[in-house]
Amino acid sequence: MLSMARDRGSLRRRRIILSIPVILVLLYISPFWPSVRQFGDRLRQKLPFAYQWKVQQDFVPTQNELDCIRGRTPRLSADSDDVKDPIPNHVHFIYGLSNPYNKPSAGTFDFLCYLAVRSAIVGMKAEKISLHYTYLTDPPSPDPNASPLSNPWIKRLKDDIELVHHTPEEMAALKTSPDATWQAAHVSDILRLKLLREQGGIYMDMDAFGFRPFTNLLKSPRDIILGHEGGNRGGLCNAIMVARKNSAFIERWLKEYDGADLSKEWNYHSVVLPKELELQHPDEVCTLPPSGFFWPTWTWDHIEFMHEKLGSDEARKWAAEIDRNGGSLYEDQLAYHAWSQMAWERHLSKLTPQLVRTRDTRFNLLVRNFLQDDVGVA
């Protein structure tokens with residue numbers, strides 16, 4: 001009898017173990033999977049020793065950071081007497097390096113992208129805007145030469161932007177480790193640095209929003225301006241960059257990609273490495289406080305802070321603050337990176353022109369002014 005009981009117990013344990021993968025697969029394909037994944041992500045970020053607490057910790061801007069953002073950075077004694085030309089007020093965006101026809105998760109140029117470009121037009125008052133792309137058609141097409149004007153958002157923006165097509169072969173050639181499997185974001189990392197090296201200007205991710213002109217930054221005596229990510233200043237993020245062409249810092253940064261296998265990392269070369277290089281060559285970089293470009297951060301609490309519905313009194317208070325700051329949440333905030341990797345599923349994917357106009361969140365209050373009057377009007 002004892003042996004039979006043990007056998008039954010052993011069989012029961014095997015059934016439980018074998019059922020776990022089945023349960024996980026069912027959860028993954030069920031409509032509840034996003035909620036389960038979000039719950040897990042929230043739980044992970046809320047653990048007492050999670051890195052996210054360091055990222056969202058309070059900070060005090062340094063004097064050098066304030067000098068950078070307010071146009072007071074002193075020239076170096078080694079600089080010649082010649083005054084450097086201003087950095088061009090030319091904004092570069094990159095989108096569509098992966099084809100959603102073959103990879104639906106790549107997405108199409110959408111309402112959020114439209115708002116980002118409009119922020120460069122309305123908020124930053126860019127003199128020139130270039131959208132670099134390989135695939136922009138909507139609906140997606142297998143043909144990389146298909147007209148991007150089939151996309152309604154591109155059609156709306158076409159008179160205000162320059163469309164710059166990059167072939168799939170050109171993008172494949174950017175991979176410094178051809179045999180490695182790279183994400184499109186990593187190819188974009190190299191393309192954006194090469195664009196700034198060759199042309200200079202401002203690079204913005206498609207989920208980055210500029211609120212006012214970068215006038216002081218464009219006159220900086222330094223050849224590149226980067227913003228700190230996180231209250232702990234753990235990195236200098238490449239989602240928004242300002243640079244003169246032929247920047248020595250960008251040349252040094254690009255060389256670090258030679259032979260790198262980016263399939264084994266996510267943000268070392270794009271966030272951590274530039275911070276390491278800046279510490280080695282501080283005179284080449286003008287660094288901004290986290291609030292300049294990348295605050296609030298990507299943590300769970302900060303994403304909720306940006307997208308939670310505000311009561312009428314709170315909405316009026318923040319609207320007045322935004323007006324007082326010339327379009328931004330904080331006095332020294334020039335732009336905001338919306339962290340779509342963290343915020344897309346929960347908030348950004350659900351935005352419509354109607355929601356931006358009528359639902360009061362801190363994010364919506366910031367971008368509402370970028371909407372054209374007839375967008376989303378039946």
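Here the structure is a predicted model, which means the values were calculated and not measured.

J.: Which residues make up the overall build of the chain, and what are the values?
T.: Secondary structure summary: the chain contains 17 helices and 9 strands in total. When the 378 residues of the chain are sorted by exposure, 48% land in the buried category. Of the contacts formed within the chain by residues at least 6 apart in sequence, a portion of 78% connects residues at least 24 apart. Carbon and sulfur atoms provide 54% of the accessible area of the chain, an area that totals close to 19,100 Å².

J.: For the pattern of salt bridges, give the residues involved together with the corresponding values.
T.: Inspection of every chain in the model, using the stated rule, returns 20 salt bridges. Asp 189 is the partner of Arg 192 in a salt bridge, and the nearest nitrogen-oxygen pair spans 3.4 Å. Highlighted residues: Arg 192 and Asp 189, both in helix 8 (residues 184–199), separated by 3 residues, approximately one helical turn. Take Arg 192: its relative accessible area is 4%, and that puts it in the buried class. Residue class for Asp 189 comes out buried when judged on its relative accessible area of 6%. One salt bridge connects Glu 251 with Arg 197, and the closest N-O pair in it is separated by 3.3 Å. One end of the pair, Glu 251, is in helix 10 (residues 248–255); the other, Arg 197, is in helix 8, with 54 residues separating them in the sequence. Residue classification places Glu 251 among the partly exposed positions, given a relative accessible area of 30%. Each of the salt bridges in this network shares a partner with another, and the network as a whole consists of Glu 308, Glu 314, Lys 317 and Arg 362.

J.: Hey, could you go over the side chain of Asp 110 for me, with residue numbers and the actual values?
T.: Tracing the backbone shows Asp 110 in the loop between strand 1 (90–95) and helix 5 (111–123). In this structure, Asp 110 is buried with no salt-bridge partner, the nearest side chain bearing the opposite charge being Arg 156 at 13 Å. A polar contact is formed between the side chain of Asp 110 and the backbone nitrogen of Leu 112, at a distance of 3.3 Å.

J.: Tell me about the packing of helix 8 against helix 10, and please be specific about residues and values.
T.: Relative to each other, helix 8 and helix 10 sit at 150°, their axes nearing to 10 Å. Between helix 8 and helix 10, the angle falls in the class roughly antiparallel. Relative to helix 10, the crossing made by helix 8 is left-handed. Touching Ile 190, Leu 193, Lys 194, Leu 196 and Arg 197 of helix 8 are Ile 250, Glu 251, Trp 253 and Leu 254, all from helix 10. Each residue belonging to the contact of helix 8 with helix 10 can be placed in one class, and the counts come to 6 nonpolar, no polar and 3 charged.

J.: Describe the environment of Trp 295, naming the residues involved and giving the relevant values.
T.: Tracing the sequence through the fold places Trp 295 in the loop between helix 12 (290–293) and helix 13 (300–307). Residue Trp 295 is classed as buried on the basis of its relative accessible area of 10%. Taking the C-alpha atoms as reference points, Trp 295 and Tyr 336, separated by 41 residues in sequence, lie 6.6 Å from one another. What Trp 295 contacts, discounting residues up to four positions off in sequence, is Val 55, Gln 56, Gln 57, Phe 59, Gly 230, Gly 231, Pro 290, His 302, Tyr 330, Gln 333 and Tyr 336.

J.: How would you explain the pairing of strand 6 (residues 224–229) if you had to name every residue and give the values?
T.: Within strand 6, 6 of the 6 residues are buried, which leaves the element mostly enclosed by the surrounding structure. As paired strands, strand 6 and strand 7 (residues 235–243) are joined by 6 bridges and run antiparallel to one another. Bridge pairing in strand 7 places Glu 229 opposite Gly 235. The antiparallel pairing of strand 6 with strand 7 creates a hairpin that spans 5 residues between the two strands, and Gly 230 there sits at a positive phi of about 90°.

J.: Tell me about unusual backbone geometry, and name the residues and values.
T.: Residues Asp 138 and Pro 139 are joined by a peptide bond in cis, for which omega reads 5°. Turning to its location among the elements, Pro 139 is positioned in the loop between strand 2 (128–133) and helix 6 (152–157). The phi dihedral of Asn 246 falls on the positive side, at around 65°, and the residue is not glycine. Assignment of secondary structure puts Asn 246 in the loop between strand 7 and helix 10.

J.: Give me the state of the cysteines: which residues, what numbers.
T.: As enumerated under the stated definition, the model contains 1 disulfide in all. The disulfide that involves Cys 68 links it to Cys 286, with 2.1 Å between the sulfurs. Placement of the pair is Cys 68 in helix 4 (residues 63–69) and Cys 286 in strand 8 (residues 285–288), with a sequence separation of 218 residues. For the pair Cys 68 and Cys 286, one class covers both residues: buried.

What counts, and where the lines are drawn
Residues numbered from 1 in each chain as written. Predicted model: local features only at pLDDT ≥ 70, side-chain atom pairs only at ≥ 80, totals over all residues. Heavy atoms only, no water. Helix = DSSP H or I, 4+ residues; strand = E, 2+ residues; numbered from the N terminus. Buried < 20%, exposed > 50% of the residue type's maximum accessible area, 1.4 Å probe, protein only. Contact = heavy atoms within 4.5 Å. Areas by Shrake-Rupley, 256 points an atom, 1.4 Å probe, with all protein chains shown as cover. Salt bridge = Lys/Arg side-chain N within 4 Å of Asp/Glu carboxyl O. Lys, Arg positive; Asp, Glu negative; His and termini not counted. Polar contact = N/O pair within 3.5 Å; in protein donor to acceptor, adjacent residues only side chain to side chain. Axes fitted to C-alpha atoms, helices over the stretch in contact; angles between N-to-C directions. Parallel < 35°, antiparallel > 145°, perpendicular 65-115°, else oblique. Left-handed = near helix turned anticlockwise from the far one by under 90°. Nonpolar A, V, L, I, M, F, W, Y, C, P; charged D, E, K, R; others polar. Pairing = 2+ DSSP bridges. Disulfide = S-S within 2.5 Å.

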